[in-house]
Amino acid sequence: MRALSELDELYEEIILDHYRNPRNNRELDAPDLEIEADNPFCGDEIKIQLKFEDDRAAGVSVAGRGCAISQSSASLLAELSQGRTREEMKNSVTLVRRMMRGEELSDSELDDLGDLEALRGVRKYPVRIKCALLSWVALEDMLDDYPAARQQVSER
Ligand code: ZN
């Protein structure tokens, strides 16, 4: 068995937990947005559904199959996106990309990502980065396609 640092063990636990017990994977009734994506290099598949209420994600469903990295990343996305606005979700996508590029993130940026930090170690394995980013790239595409007319302007 290879030696793992305590942090790596913690990260691995989070990843395996989300892989075995994916969060929010029940399909939504009448979602506002839906997208399917796959990563042919690894055979990963995911489907994301979002339902908005007052510009916030009131319902998030992410289901799929594939490797532990792709599926745990998708489950973490589902957990993180709940209750968030479109802009907040897009911001998370940017942070995840930056983390995968090995950029240093500030404490508040890391707070924003929460348990997603567990995927940080993946960047050491370039072929796995596509697995980790699959659901995030799909989320970004989906949000970019969200018709502007349906967005509600909220003053916060
Ligand atoms: Zn994969």
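Starting from 1, residues in each chain are numbered consecutively following that chain's sequence as written. The predicted nature of this model means local features are confined to residues of pLDDT at least 70 and side-chain atom pairs, given and counted, to a pLDDT of 80 or more, with totals for whole chains, interfaces and linings taken over all residues. Each side-chain value is derived from all of the structure's non-hydrogen atoms; neither hydrogens nor water enter the calculation.

Re the coordination of the zinc ion
- Each metal's donors comprise the N, O and S atoms found within 2.8 Å of it (within 3.2 Å for Na, K or Ca). Water is not part of the atom list, so some coordination spheres may appear incomplete. For the zinc ion, the protein coordination sphere consists of Cys42 (SG), Asp44 (OD), Asp44 (OD), Cys67 (SG) and Cys131 (SG), at 2.1 to 2.8 Å.
- Read in sequence order, the donor residues coordinating the zinc ion give the pattern C-x1-D-x22-C-x63-C. A residue pair is termed long-range when its members are at least 10 positions apart, and Cys42 in the loop between β1 (33-39) and β2 (44-53) and Cys131 in helix α5 (residues 126-144) qualify at 89 residues.
- A simple rule labels every residue: compare its accessible area, found with a 1.4 Å probe on the protein chains alone, to the largest value its type can have, and call it buried under 20%, exposed over 50%, or partly exposed in between. Exposure remark for Cys42: the relative accessible area of 32% places this residue in the partly exposed category. Here a strand is any run of E in DSSP of at least two residues, a helix any run of H or I of at least four, and the numbering for each starts at the N terminus.

Notes on the nonpolar core
- By convention a nonpolar core is built from buried Ala, Val, Leu, Ile, Met, Phe, Trp, Tyr and Cys residues, the set being connected through side-chain atoms within 4.5 Å. Ranked by internal contacts, the top residues of the largest apolar core, which has 44 residues, are Ile48, Leu50, Leu119 and Leu139.
- Looking at this core, the elements with two or more residues in it are α1 (6-20), β1, β2, β3 (56-65), α2 (68-81), α3 (86-100), α4 (107-113) and α5.
- Per-element tally for this core: the top contributor is α5, with 10 residues.
- Every residue pair with non-hydrogen atoms within 4.5 Å of one another is taken to be in contact. Not counting chain neighbours up to four residues away, the residues in contact with Leu119 comprise Ile15, Ile69, Ser72, Ser73, Leu76, Met99 and Met100.

Observations concerning the environment of Ala58
- Structurally, the position occupied by Ala58 is in strand β3.
- Between the C-alpha atom of Ala58 and that of Ser81, which follows or precedes it by 23 residues, the distance is 9.2 Å.
- Discounting chain neighbours no more than four positions away, the residues touching Ala58 are Lys51, Phe52, Glu53 and Gln82.

With respect to the environment of Lys47
- Secondary-structure assignment places Lys47 in strand β2.
- When neighbours within four sequence positions are excluded, Lys47 is seen to be in contact with Glu27, Glu34, Ile35, Glu36, Ser61, Val62 and Ala63.
- Within the structure, Lys47 has its side chain in polar contact with the side chain of Glu27 (distance 3.1 Å). A 3.5 Å cut-off defines polar contacts: any pair of N or O atoms within that distance qualifies, except that in protein one atom must be a possible hydrogen donor and the other a possible acceptor, and neighbouring residues in sequence count only when both atoms are side-chain atoms.

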